[in-house]
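Residue strings, one per chain:
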Amino acid sequence: MNLKKYAEVVLKIGTNLQKDQILFVRAPIDAREFVEVITDIAFDLGAHNVYIKWNAETINKIILKKASEKALQEVPSWEINASEELLNKKAAFLTIIGGDPDIYKDVPPHKIGTTIKARNMAMKEISKRIMSNEISWCVVAYPTEKWAKKVLGEDGTKEQLLELILKASRIYGDPIENWKNHISNLQKITDFLNKMQFDYLHYEGPTIDLKVGLPENHIWLSGSQDNLDGVTFVPNIPTEEIFTAPHRKKINGVLRNSLPLVYSGNIIDKFELEFKDGKVINYHAEIGEEILKTILETDDGARFLGEVALVPVDSPIYQMKKIFYNTLFDENAASHFAFGRAYTSCIKDGEKMGEDELKNAGLNVSITHVDFMIGNEEMKVTGYKNGEKVIIMENGKWAI
Ligand code: ZN
Ligand code: ZN
């Protein structure tokens, strides 16, 4: 019953599937049960058809280990063409995530780096089109046994993790009503931040002292977005963040992460970054420094930030006091930044700008986008505009 409610939220609120639209689902084979429910409901909602691209991470792992570096650099054109065709047909893109957070632990990091880099390069145009909301897209999660054990310990079960996922995703009572209220609450703060158009934000606390400049005409976004056809959709379930793009050259100061960063199954933690004029000029990680280096060396833009996101510590995910080892949940647990690409929708007319225009406007350009968490109970965020200041967050909670 709950799976059905979950699927309904995913299709009605998440992708907001329209009549006669194609639903394209990317899912792990472990989510078969959930994909069955989704497919069934999608047709009830009037889907034209449902296409599914399955993946199996245990097989991906064999490929990563045994395929040559050269083979990993090649991305078949039929794969790119498929995404292109689906975009042209205005399909709704649904991605289901979930798996073993440790799956790629013993795969050499450079092979993971090579693969991700090659895929990001090959899919550059595709992800640009998706990220500029040409179509509706949504990312949701479905648990696996191994993921459950990682989050909950050896006795943890898939069912228990599903409970947490459903709770975080507000699937209780009348879930559709819950989502309407949640989206409207987020929108109120978003509207305020957009009206204020702060020049910069000052983050203060025991683990952070950072000034983050914001570009002119920046746009804060949250919860729901509109695609180019004007259909409102929710790209992430769950979602707690209110985010925009920082000015790529106006970030100065130091910070320490507050939650581990999980990158392709590898954990980076207890890391410190120092920024000067937007660029990471010093970094150190007690855990996973080599992986952090891989991220920062992806391309020229990877050492700059592309996202600034605010999440209060009273959000349901932060309150669960659990590390999910998964960005969809962990990034919605706490305030965060992202290395790499900015969302073009975070600046006025950004969708129409080319790379150089975006950069001139202050937005970062990169083939990567990796979130890392910095929010905690002691963080204070102040917004500055023409010398005037407004406290936005105090003790990690909204102060506006
Ligand atoms: Zn984010
Ligand atoms: Zn992000």
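Residues numbered from 1 in each chain as written. Chains lettered and ligands numbered in written order. Predicted model: local features only at pLDDT ≥ 70, side-chain atom pairs only at ≥ 80, totals over all residues. Heavy atoms only, no water.

Novice: Whenever I open this one, the pairing of strand β4 (residues 137-141) confuses me. Can you help?
Specialist: Successive residues of a regular strand alternate their side chains across the two faces of the sheet. The buried count for β4 comes to five of five residues, which makes it a mostly enclosed element. Burial along β4 is two-sided: the residues W137, V139 and A141 and C138 and V140 are all buried. When strand β3 (residues 92-97) meets β4, the two strands line up parallel, connected through five bridges. When the sheet's bridge partners are listed, T95 is paired in β4 with V139. (Buried < 20%, exposed > 50% of the residue type's maximum accessible area, 1.4 Å probe, protein only. Helix = DSSP H or I, 4+ residues; strand = E, 2+ residues; numbered from the N terminus. Pairing = 2+ DSSP bridges.)

Novice: I would appreciate a short explanation of the side chain of N236 in the present structure.
Specialist: Secondary-structure assignment places N236 in the loop between β9 (232-233) and β10 (242-244). Its relative accessible area of 15% is what places N236 among the buried residues. Excluding anything up to four places from it in sequence, N236 contacts V139, W179, E241, L328 and E331. (Contact = heavy atoms within 4.5 Å.)

Novice: Which parts of the structure should I look at to understand the coordination of the zinc ion (ligand 1)?
Specialist: Octahedral metal centres with six donors ideally show angles of 90 or 180 degrees, and tetrahedral centres with four donors ideally show 109.5 degrees. Around the zinc ion (ligand 1), the donor atoms from the protein are E241 (OE), E307 (OE), E331 (OE) and H336 (NE2), and they sit 1.9 to 2.2 Å away. Geometry at the zinc ion (ligand 1) is irregular, judged from its four donor atoms and the angles of 80 to 156° they form at the metal. Each donor residue of the zinc ion (ligand 1) lies on the same chain, and together they follow the pattern E-x65-E-x23-E-x4-H. The metal-metal distance between the zinc ion (ligand 1) and the zinc ion (ligand 2) is 3.3 Å, with E307 serving as a donor to both. With a gap of 90 residues between them, E241 in the loop between β9 and β10 and E331 in the loop between α13 (327-330) and β16 (336-340) connect regions that are remote in the sequence. (Donors = N, O, S within 2.8 Å, 3.2 Å for Na, K, Ca; no water. Tetrahedral: all angles 85-135°; square planar, octahedral: opposite > 155°, others 65-115°.)

Novice: Even after reading the chapter, I still don't get the coordination of the zinc ion (ligand 2), so can you show me in this structure?
Specialist: In the first shell of the zinc ion (ligand 2), the protein supplies E307 (OE), H369 (NE2), D371 (OD) and D371 (OD), at 2.0 to 2.6 Å from the metal. One way to put it: the four donor atoms around the zinc ion (ligand 2) meet at angles of 53 to 133°, and that makes the site irregular. Here the donor residues for the zinc ion (ligand 2) map to a single chain with the spacing E-x61-H-x1-D.

Novice: How should the packing of helix α8 (residues 145-152) against helix α9 (residues 158-168) be read in this particular structure?
Specialist: Helices that pack against each other are described as a pair by the angle of their axes relative to one another and the distance between those axes. With their axes 8 Å apart at the nearest point, α8 and α9 run at an angle of 70° to one another. Looking at the two axes, α8 sits roughly perpendicular to α9. Along its contact with α8, which presents E145, W147, A148, V151 and L152, the element α9 presents K158, E159, Q160, L161, L164 and I165. Residue classes in the contact of α8 with α9 are distributed as seven nonpolar, one polar and three charged. (Axes fitted to C-alpha atoms, helices over the stretch in contact; angles between N-to-C directions. Parallel < 35°, antiparallel > 145°, perpendicular 65-115°, else oblique. Nonpolar A, V, L, I, M, F, W, Y, C, P; charged D, E, K, R; others polar.)

Novice: So what exactly am I meant to see when it comes to a nonpolar patch on the surface here?
Specialist: Together, I29, I52 and W54 make up a nonpolar patch on the protein surface, roughly 270 Å² of accessible area in all. Along the chain, the position of I52 falls in strand β2 (residues 49-55). (Patch = residues over 30% accessible without salt bridge, like charges linked within 9 Å, V, L, I, M, F, W, Y side chains within 5 Å. Areas by Shrake-Rupley, 256 points an atom, 1.4 Å probe, with all protein chains shown as cover. Salt bridge = Lys/Arg side-chain N within 4 Å of Asp/Glu carboxyl O.)

Novice: What is the right way to look at the pattern of salt bridges in this model?
Specialist: When the charged atoms of two side chains with opposite charge come close together, those side chains can pair. Summed over the entire model, instances satisfying the criterion amount to 18 salt bridges. For E134, the salt bridge is made with R129, and the minimal N-O distance between the two is 2.8 Å. The partner of E286 in a salt bridge is R256, with the nearest N and O atoms 3.7 Å apart. Taken together, the residues span a long stretch of sequence, with E286 in strand β14 (residues 279-287) and R256 in strand β11 (residues 251-256) at a distance of 30 residues. For R256, a relative accessible area of 26% translates into the label partly exposed. Several salt bridges converge on common partners, so that one network encompasses K53, E79 and R119.

Novice: Looking at this structure, I do not really get the packing of aromatic side chains. What am I missing?
Specialist: The description of two aromatic rings rests on the distance between their centres and on the angle between their planes. A full pass over the atoms with the stated rule returns 12 aromatic pairs. What links up through ring pairs into an aromatic cluster is the set Y203, F271, F337, F339 and F372. (Phe/Tyr/Trp six-rings, centres within 6.5 Å; stacked < 30°, edge-to-face > 60°.)

Novice: Is there a simple way to think about the domain arrangement of the protein chain in this case?
Specialist: Frequently, the measure chosen for interface size is the accessible area that the parts lose on association. When cut into domains, the protein chain gives domain 1 (2-168) and domain 2 (197-398). With centres defined by C-alpha atoms, the gap from domain 1 to domain 2 works out at 23 Å. At the junction of the two partners, domain 1 supplies 44 residues and domain 2 supplies 41 residues. Both faces combined, the contact of domain 1 with domain 2 buries some 3,500 Å², and carbon together with sulfur accounts for 64% of it. If you sort the residues of domain 1 by the area they bury against domain 2, M131, N133 and A168 come out on top, with a joint share of 18%. In this assembly, domain 1 and domain 2 are joined by two salt bridges. In this structure, the salt-bridge partner of D229 is K90, at a minimum N-O distance of 3.5 Å. Our count for the domain 1 to domain 2 interface comes out at 12 residue pairs in polar contact (both at pLDDT 80 or more). Mapped onto the side of domain 1 that touches domain 2, the elements with two or more residues apiece are α1 (2-14), α6 (109-122), α7 (124-131), β4, α8 and α9. (Domains from an automatic or database assignment. Buried area = accessible area lost by both parts, 1.4 Å probe. Polar contact = N/O pair within 3.5 Å; in protein donor to acceptor, adjacent residues only side chain to side chain.)

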